[in-house]
Amino acid sequence: MMTVGAASHDDIVTLTQTMREADRLEALRAFPHATVEETVKFSAHVSYVLLSAKSLDTGEAIALAGVAGRQGNLATAWMITTDWVCSHPVPFLRRSGQVLAEMFDRAGCDVFTNLVDDANTLHRRWLTWLGAAWDAPQDLNGHPFHRFYLERKALRHVYGGS
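What counts, and where the lines are drawn
Residues numbered from 1 in each chain as written. Predicted model: local features only at pLDDT ≥ 70, side-chain atom pairs only at ≥ 80, totals over all residues. Heavy atoms only, no water. Buried < 20%, exposed > 50% of the residue type's maximum accessible area, 1.4 Å probe, protein only. Helix = DSSP H or I, 4+ residues; strand = E, 2+ residues; numbered from the N terminus. Pairing = 2+ DSSP bridges. Polar contact = N/O pair within 3.5 Å; in protein donor to acceptor, adjacent residues only side chain to side chain. Contact = heavy atoms within 4.5 Å.

**What about the pairing of strand 5 (residues 111–117)?**
Phase 1: For strand 5, the tally of buried residues reaches six of seven residues, placing the bulk of the element in the interior.
Phase 2: Pairing of strand 4 (residues 74–81) with strand 5, which is carried by three bridges, proceeds in the parallel orientation. If you follow Leu-74 over to strand 5, its bridge partner there is Val-111.
Phase 3: Two strands pair when backbone bridges link them, and strand 5 and strand 8 (residues 143–151) are joined in this way by seven bridges, in the antiparallel orientation. Residue Leu-115 lies in a different strand from strand 8, and its bridge partner there is Arg-147.

Take a look at the structure:
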């Protein structure tokens, strides 16, 4: 139901226009002095791993994920999605472990981290299901955000190859 590969410029543009409202709100809260489009394009530009997922039915980009920074064994990973993930949760969950394992391989690290808006419950649930550990909420621009740590070894329960 979905395919994953290197992200194109068109994928980036599509996702800036069709991302879930919770992802849009998270971008606005995290980077209030930039537009959502500027934030996504900047994140894509600084990412040394950049993948997109596309619906096999429509060929449309449904998710964009990147790894932007690395310090030792820790890298900053991010993702935005469209509402497709809400209407097709099982295919998305089934592929997510494999895709993250590929991202870990390409990034050359064993731990991903980033901040997630407290209001982005879908991504918080998904990361928890994958095995992420969480810090206590912290204030970012007047909004509660949670830092996650996702270790490669945590993916073993959702993807045996990692």
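**Things to note about the side chain of Arg-20**
Phase 1: As for its position among the elements, Arg-20 is in the loop between helix 1 (9–18) and helix 2 (21–30).
Phase 2: When its relative accessible area of 6% is taken as the criterion, Arg-20 is described as buried.
Phase 3: There is a polar contact of 2.9 Å between the side chain of Arg-20 and the side chain of Asp-23.
Phase 4: When sequence neighbours within four positions are dropped, the list of residues in contact with Arg-20 reads Thr-81, Thr-82, Asp-83, Val-85, Cys-86, Asn-120, Leu-122 and His-123.

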